[in-house]
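Summary of the model geometry
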Amino acid sequence: MRYRETGDVHLDFHRTANGTISYLRANYGRDFLDETFRRTARDVYAAIREDLKRGNTEHLVEHWTYFFDREGGRYALERNGEEIRFVVERCPAVDYLQSRGIPIDEDFCRQTVVVNDALAEGTPFEISTEVLGGGKCVQTIRRRAEQ
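All of these numbers come straight from a predicted model, not from anything done at the bench.

Moving on: the layout of surface pockets. The space that makes up the largest pocket amounts to roughly 1200 Å³. Surrounding the largest pocket, 48 residues form its lining, F13, H14, Y45, Q111 and T112 being those nearest its centre. Those elements giving two or more residues to the lining of the largest pocket turn out to be helix 1 (13-28), helix 2 (30-44), helix 4 (58-70), helix 5 (92-99), helix 6 (110-120), strand 3 (125-133) and strand 4 (136-143). Its residues placed into classes, the lining of the largest pocket shows 27 nonpolar, 14 polar and seven charged.

Once that is clear, we can look at the packing of aromatic side chains. For the structure shown, the criterion picks out seven aromatic pairs. Judged by centre distance (5.0 Å) and plane angle (90°), the ring pair of Y66 and F67 falls under edge-to-face. Judged on exposure class, the residue Y66 and its partner F67 are both buried. Measuring from ring centre to ring centre gives 5.0 Å for Y75 and F86, while their planes differ by 40°; the resulting arrangement is tilted. Linking Y75 in strand 1 (residues 74-80) with F86 in strand 2 (residues 83-90), this pair joins segments that are eleven residues apart in sequence. Taking the relative accessible area as the measure of exposure, F86 reaches 0% and is therefore buried. Pairwise contacts between aromatic rings join W64, F68, Y75 and F86 into one cluster.

Put simply, helix 1 and helix 2 touch, their axes get as near as 7 Å, and they point 135° apart. The angle between helix 1 and helix 2 falls in the class oblique. Where helix 1 approaches helix 2, its residues I21, L24, R25 and Y28 are matched on the opposing element by R30, F32, L33, T36 and F37. For the contact of helix 1 with helix 2, a count of residues per class yields six nonpolar, one polar and two charged.

Within an α-helix, residues lying three or four positions from one another point in the same direction, as the helix has 3.6 residues per turn. Taken together, the buried positions of helix 5 are occupied by P92, A93, V94, Y96 and L97. Buried residues along helix 5 sit in contact with helix 1, helix 4 and strand 2.

What counts, and where the lines are drawn
Residues numbered from 1 in each chain as written. Predicted model: local features only at pLDDT ≥ 70, side-chain atom pairs only at ≥ 80, totals over all residues. Heavy atoms only, no water. 1 Å grid on protein atoms, 1.4 Å probe; cavity = no way out; pocket = protein on both sides within 12 Å on 5 of 7 lines; lining within 4 Å. Points joined across faces, edges and corners; volume = space filled by probe spheres on them. Helix = DSSP H or I, 4+ residues; strand = E, 2+ residues; numbered from the N terminus. Nonpolar A, V, L, I, M, F, W, Y, C, P; charged D, E, K, R; others polar. Phe/Tyr/Trp six-rings, centres within 6.5 Å; stacked < 30°, edge-to-face > 60°. Buried < 20%, exposed > 50% of the residue type's maximum accessible area, 1.4 Å probe, protein only. Axes fitted to C-alpha atoms, helices over the stretch in contact; angles between N-to-C directions. Parallel < 35°, antiparallel > 145°, perpendicular 65-115°, else oblique. Contact = heavy atoms within 4.5 Å.

Structure (structure tokens):
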């Protein structure tokens, strides 16, 4: 997998991401923030997107599970035919911020929604992201309905 850091984990980058999201929205607006997330999906996660275009979801699934395992997140991975559900019970980023009393920006989880949408653009898949609050969400990958 291309996106695999193996050095020490310093979870304070979640604080930086949270602050950056707040700053960008407050100073440039939500449209700019969303475009930043879309560019991240297209440019930073280009290899995952290319795999999705080829009909392969495994790179994305491996990416999700690798980082949740690495950071001590709690999740369930459910497969039902071609549908894959990543059920997050404890997001390590949200958990880290909460454990330090850092207010979580209202758009912190929006990054997951917008990145997933952008990853799926132009691929045979759709990725729905249901943010449940409190560091919980359900991310579902499924083939698009035939048009």
